[in-house]
Amino acid sequence: MGSGQTVTVFGAYGHTGRFVVAQLRESGFVPVLSGRDAGKLRTLAASGPGLEVRPASVDDPVSLDRALDGVDAVINCAGPFATTAAPVIEAALRARIPYVDVAAEIEANVDTFTHFADRAHAAGVVIVPAMAFYGGLGDLLATAAMGDWTTADEANIAYGLSSWRPTAGTRAAGAVSGERRGGRRVRYTGGRLEYHDDKPALLKWPFPEPMGAREVIGEFTMADVVTIPSHLAIPEVRTHMTTEAAGDLSAPDTPAPTAADEDGRSDQTFVVDAVVRSGGVERRAVASGRDIYAVSAPLAVEAVHRILTGRTRTAGVASAGEVFDAPDFLRALSPHISFELRRQQTVS
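Definitions and limits used
Residues numbered from 1 in each chain as written. Predicted model: local features only at pLDDT ≥ 70, side-chain atom pairs only at ≥ 80, totals over all residues. Heavy atoms only, no water. Pairing = 2+ DSSP bridges. Helix = DSSP H or I, 4+ residues; strand = E, 2+ residues; numbered from the N terminus. Phe/Tyr/Trp six-rings, centres within 6.5 Å; stacked < 30°, edge-to-face > 60°. Core = buried A, V, L, I, M, F, W, Y, C linked by side-chain atoms within 4.5 Å. Buried < 20%, exposed > 50% of the residue type's maximum accessible area, 1.4 Å probe, protein only. Contact = heavy atoms within 4.5 Å. Salt bridge = Lys/Arg side-chain N within 4 Å of Asp/Glu carboxyl O. Arc of directions from axis to C-beta. Polar contact = N/O pair within 3.5 Å; in protein donor to acceptor, adjacent residues only side chain to side chain.

Visitor: So, the sheet that holds strand β5 (residues 99–101): which residues are in play, and what are the values?
Guide: Pairing is parallel across the open sheet formed by seven strands, whose spatial order is β3-β2-β1-β4-β5-β6-β15. Unpaired on one side and paired on the other, β3 (52–55) and β15 (316–317) mark the two borders of the sheet. Bridging between strand β1 (residues 6–10) and strand β2 (residues 30–35) involves five bridges; their strand directions are parallel. By the bridge assignment, F10 is partnered in β2 with S34.

Visitor: With reference to specific residues and values, describe the packing of aromatic side chains.
Guide: In total, this model carries six aromatic pairs according to the counting rule given. An angle of 80 degrees between the planes, with centres 4.8 Å apart, marks the rings of F133 and Y134 as edge-to-face. Seen from their ring centres, F133 and F270 are 4.8 Å apart, and the 70 degrees between their planes marks the pair as edge-to-face. With F133 in helix α6 (residues 133–146) and F270 in strand β13 (residues 269–278), this pair connects stretches of sequence that are 137 residues apart.

Visitor: Go over the nonpolar core with me, naming the residues and quoting the values.
Guide: Core analysis: the largest hydrophobic core is formed by 107 residues, its most contacted members being I75, M131, F133, L137, L161 and W164. Take this core: its biggest share by element is nine residues, from α6. Aside from chain neighbours lying at most four places away, what touches W164 is Y134, T170, F220, M222, M241, A245, D248, L249, T254, Q268, I292 and Y293. Listed in part, the seven residues of the second largest apolar core include A158, V216, V271 and V286.

Visitor: Could you give an account of the environment of Y195, naming the residues involved and the relevant values?
Guide: Mapped onto the elements, Y195 comes out in strand β9 (residues 192–196). For Y195, a relative accessible area of 30% gives the class partly exposed. In sequence terms Y195 and A332 are 137 residues apart; their C-alpha atoms lie 37 Å from each other. Excluding its chain neighbours within four sequence positions, the residues that come into contact with Y195 are E107, R181, R184, R185 and V186.

Visitor: Please provide a residue-by-residue account of unusual backbone geometry, values included.
Guide: Residue P80 follows G79 across a cis peptide bond; omega there is -5 degrees. Along the chain, the position of P80 falls in the loop between β4 (73–76) and α4 (81–95). The omega angle of the peptide bond from E209 to P210 is 15 degrees, so this bond is cis rather than trans. If you trace the backbone, P210 turns up in the loop between β10 (202–206) and β11 (213–217). The backbone of R96 shows a phi angle near 60 degrees, a positive value even though the residue is not glycine. With respect to the helices and strands, the residue R96 is situated in the loop between α4 and β5. R96 sits in the exposed class, given a relative accessible area of 54%.

Visitor: Please provide a residue-by-residue account of the pattern of salt bridges, values included.
Guide: Under the defined criterion, the tally for this structure stands at 24 salt bridges. A salt bridge links E302 to R306; its shortest N-O distance comes to 2.6 Å. Highlighted residues: E302 and R306, both in helix α10 (residues 296–308), separated by four residues, approximately one helical turn. The class of E302 is buried, set by a relative accessible area of 7%. Between E340 and R342 there is a salt bridge; the shortest N-O distance is 3.1 Å. Look at the salt bridges and you will find they share partners, linking D153, E154, R187, D198, E219, E236, R238 and R277 into a network.

Visitor: How would you sum up the side chain of S163? Please name residues and give values.
Guide: By the element assignment, S163 lies in the loop between β7 (154–161) and α7 (168–180). Apart from residues no more than four positions distant in its own chain, S163 is found in contact with A245, D248 and Q268.

Visitor: I'd love a proper account of helix α2 (residues 38–45), names of residues and values included.
Guide: Two residues of an α-helix separated by three or four positions point the same way, owing to the 3.6 residues in each turn. All of the buried residues along α2 are L41, L44 and A45. Along α2, the residues classed as buried sweep out an arc of 100 degrees about the axis, all on the same side. Structural note: α2 exposes R42 and T43 on the side pointing more than 90 degrees away from its buried face. Where α2 begins, one side-chain oxygen reaches toward the backbone nitrogen of G39, 3.1 Å away; that side chain belongs to D37.

Just distances and angles here, no functional claims.
Rendered as structure tokens:
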């Protein structure tokens, strides 16, 4: 796939970064390891032959330029993205190379669209934020479900996770987001983001079998509320999370994920159910797989592959569903994700 093209991975030694490095190598790319901790980079480089190390820090533009010098693309895996996204995007624009990140932080993704859309489009550089389990996958599913519809009344993305063992990076990013929104919750309604103090509602969500109906926290808002409305005319976008997974995330003593196979994946499983409604008609797309952190790697790497081979629909800052052919992209992930478009149905 990669034909020896080089891709800098910023935050390469992090939990998701390691999966991305492995996926790049498996796909024929040459990863360049970058991040602020030179010792951790050298330790990771020792795990395989031919891995180049280029330490860099977001407060040192010269080091970022060195990290991106001569490479074909960059994948940013280093959170909190409120701190790292803008400096690495600036470096990618200077190098005139594509930028992809795995940010799940709502506000950081809003910042990317707000501050870089015009400059990236003028430079002809593709920037894809949230190209990961949260933000990217839901957007691809909603886009695939939309099909030939140009508008819809609402989109609901329900996350059925068997458990959620958050990484240290997830907790740090959540803390930053919480501070930025003053502890309030966020929703996308009436065509815009709103912050509020309403208590979350508990709902029953009809996940496909074998998961079946499960209790979810309604409006457990994830990055899909940024990516989906960025290109789809849907005024109401809601995301929901199984209560068990939400409880794991909120508990301070929930352990980090542990490897359950030789590839380092945990035994966590997931089902993502995306439903778009227009009037009395619903369309649905479903994805299932294992380990939300590990599966972000093939999502990000497939994105880089498609950008570098010209299989994109636009330049500038764009979400996954806008820049790629969503059904084709999802089918290309078949070794990692099961994807199904469900029959259109009429609802009362």
